Amino acid sequence: MKSPNLSARPADLDARLDAAMKRFGQRVAAGLTERNAELPHDVSERLRFAREQALARAARARAARTSVSTARPATVQMGATLALGGGPRGAGKDNGLWPKLVSALPLLALVAGLLLMQRGQVHEQIVAAAEVDTALLSDNLPPSAFSDPGFAEFLRDGQE
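Residues numbered from 1 in each chain as written. Predicted model: local features only at pLDDT ≥ 70, side-chain atom pairs only at ≥ 80, totals over all residues. Heavy atoms only, no water.

Draft legend 1. Just the pattern of salt bridges, in detail. Using the criterion set out here, one finds two salt bridges in the structure. Where Glu45 meets Arg48, a salt bridge forms, and the shortest distance between an N and an O atom there is 3.0 Å. A residue pair is termed a helical-turn pair when its members lie 3 or 4 positions apart in one helix, as Glu45 and Arg48 do in helix α2 (residues 41-66) at three residues. According to the relative accessible area criterion, Arg48 is partly exposed, its value standing at 37%. Glu52 is the salt-bridge partner of Arg48, the closest N and O atoms lying 2.7 Å from each other. Residue Arg48 and its partner Glu52 are both found in helix α2; the two are separated by four residues, about one turn of the helix. Judged by its relative accessible area of 43%, Glu52 is partly exposed. (Salt bridge = Lys/Arg side-chain N within 4 Å of Asp/Glu carboxyl O. Helix = DSSP H or I, 4+ residues; strand = E, 2+ residues; numbered from the N terminus. Buried < 20%, exposed > 50% of the residue type's maximum accessible area, 1.4 Å probe, protein only.)

Draft legend 2. Fine view of the layout of surface pockets. Considering only enclosed or pocket space, the second largest pocket measures out at about 670 Å³ in volume. Lining the second largest pocket we find 17 residues, and of these Met21, Gly25, Leu55, Ala58 and Arg62 sit closest to its centre. If you list the elements that add at least two residues to the lining of the second largest pocket, you get α1 (10-36) and α2. Per element, the largest residue contribution to the lining of the second largest pocket is 10 residues, and it comes from α1. A class-by-class count of the residues in the lining of the second largest pocket yields nine nonpolar, three polar and five charged. (1 Å grid on protein atoms, 1.4 Å probe; cavity = no way out; pocket = protein on both sides within 12 Å on 5 of 7 lines; lining within 4 Å. Points joined across faces, edges and corners; volume = space filled by probe spheres on them. Nonpolar A, V, L, I, M, F, W, Y, C, P; charged D, E, K, R; others polar.)

Draft legend 3. Helix α3 (residues 97-138), seen in detail. Here α3 spans 59 Å end to end across 42 residues, near enough to the 62 Å set by a 1.5 Å rise per residue. Within α3, the axis deviates most sharply at Leu105, by approximately 35 degrees, and proline Pro106 lies no more than four positions further along. Of all 42 residues that make up α3, zero are buried, and the element is exposed over most of its length. (Expected span 1.5 Å × (residues − 1). Bend = angle between axes of the 7 residues up to and from the residue.)

Spelled out as structure tokens, the structure:
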């Protein structure tokens, strides 16, 4: 099997995809036709009706695909899927650097917000520790507190 040509234009890819789908459909139809003679009449009639419906649905899908407007922003709805801008490849040819950069802006805003929140929390912790240290150091201590072994241990733990 040949490897796909990924450098082909989107129109070429669409044409090749349509041709492959058509060949697959023809193979399935040939296989069904071979075994059609063995089926009862009512089953073959239901299959004929289903085939006609499928062909009509495929014709409508092809007509909808070819009548898509290339104006931006375009919306296309086929079934339960809604595409903005004409589908996965977009309706226009201006898929350059700017649309990619603009699409990255929400991510950049999120990262900046998270960094600011982290910085604010660190600042609050520093301020709270400074308030406790200031309150301890500015308190009037009785002289007996300096001779207390628990206070000396408290001062040693604070330095470590």
